[in-house]
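Working through the structure, step by step
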Amino acid sequence: MLVRCVDRHAYPMYGRLADAKEAGKLKTLVAQELTGAEHWQSGIAGEEGGLCAVASAFAGEEYYEVNEDVQDAAGEFLNCVNGLFAAAKGMRNVELELMPPEFLENGMAEGSSSLIMPFGIRGAEVNFIVTIQKDGR
């Protein structure tokens, strides 16, 4: 989705599984919960302008510092990604509801495991994080 909908020059880097402590250290991110038959949380964390790069490419405007417009644009992109994921799960009779995206300055909720997938975009690095909650709600 990042390459197709945001910037065709974005490129994936080496992803990794992380424990809750490492995923919780990623700051300045937009996150969204998916609840229902399963409980997921995904987010976009951007150090050194990563969120601004995603928001600028997705919204078609240039942003240089994280503000409400950047949060909204990054949240809308995340909502699109998660909407496709929830629709695919729904086709398998797994119902998920998307909660509104929110801006978190202190990292994501702790889960049993997280996938952190870094991407290079417009000279910045952004991390896409997916966590399934350990209680499996």
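Look a little higher up for the structure.
Residues numbered from 1 in each chain as written. Predicted model: local features only at pLDDT ≥ 70, side-chain atom pairs only at ≥ 80, totals over all residues. Heavy atoms only, no water.

**Side note on helix H4 (residues 68-90)**
Between its terminal C-alpha atoms H4 stretches 31 Å, which fits the 33 Å expected from 23 residues at 1.5 Å a residue. Here H4 has its buried residues at Val-70, Ala-73, Ala-74, Gly-75, Phe-77, Leu-78, Val-81, Asn-82, Ala-86 and Lys-89. (Helix = DSSP H or I, 4+ residues; strand = E, 2+ residues; numbered from the N terminus. Expected span 1.5 Å × (residues − 1). Buried < 20%, exposed > 50% of the residue type's maximum accessible area, 1.4 Å probe, protein only.)

**Overview of the pairing of strand S4 (residues 40-47)**
The element S4 is largely enclosed, with a buried count of 7 among its 8 residues. Strand direction decides the pairing type here: strand S3 (residues 29-36) and S4, joined by 6 bridges, are antiparallel. From the neighbouring strand, Glu-33 faces S4, where its bridge partner is Gln-41. What sits between S3 and S4 in their antiparallel hairpin is a turn of 3 residues. Two elements, S4 and strand S8 (residues 124-132), share 8 bridges in a ladder whose sense is antiparallel. Paired with Ile-44 across the bridge in S8 is Phe-128. (Pairing = 2+ DSSP bridges.)

**What to know about the pattern of salt bridges**
Taken as a whole, this structure holds 1 salt bridge when the rule is applied. Of the charged contacts, one joins Glu-38 and Lys-89 as a salt bridge, the two residues approaching to 3.0 Å between their closest N and O atoms. One end of the pair, Glu-38, is in the loop between S3 and S4; the other, Lys-89, is in helix H4, with 51 residues separating them in the sequence. (Salt bridge = Lys/Arg side-chain N within 4 Å of Asp/Glu carboxyl O.)

**Some thoughts on the packing of helix H3 (residues 50-59) against H4**
Where H3 contacts H4, the axes come no closer than 8 Å and their chain directions differ by 75°. The orientation of H3 with respect to H4, classified from their angle, is roughly perpendicular. Counted together, Leu-51, Cys-52, Val-54, Ala-55, Phe-58 and Ala-59 of H3 and Val-70, Ala-73, Ala-74, Glu-76, Phe-77 and Cys-80 of H4 form the full contact between these two elements. Of the residues contributing to the contact of H3 with H4, the split by class is 11 nonpolar, no polar and 1 charged. (Axes fitted to C-alpha atoms, helices over the stretch in contact; angles between N-to-C directions. Parallel < 35°, antiparallel > 145°, perpendicular 65-115°, else oblique. Contact = heavy atoms within 4.5 Å. Nonpolar A, V, L, I, M, F, W, Y, C, P; charged D, E, K, R; others polar.)

The quantities given are spatial measurements derived from coordinates; they are silent on function.
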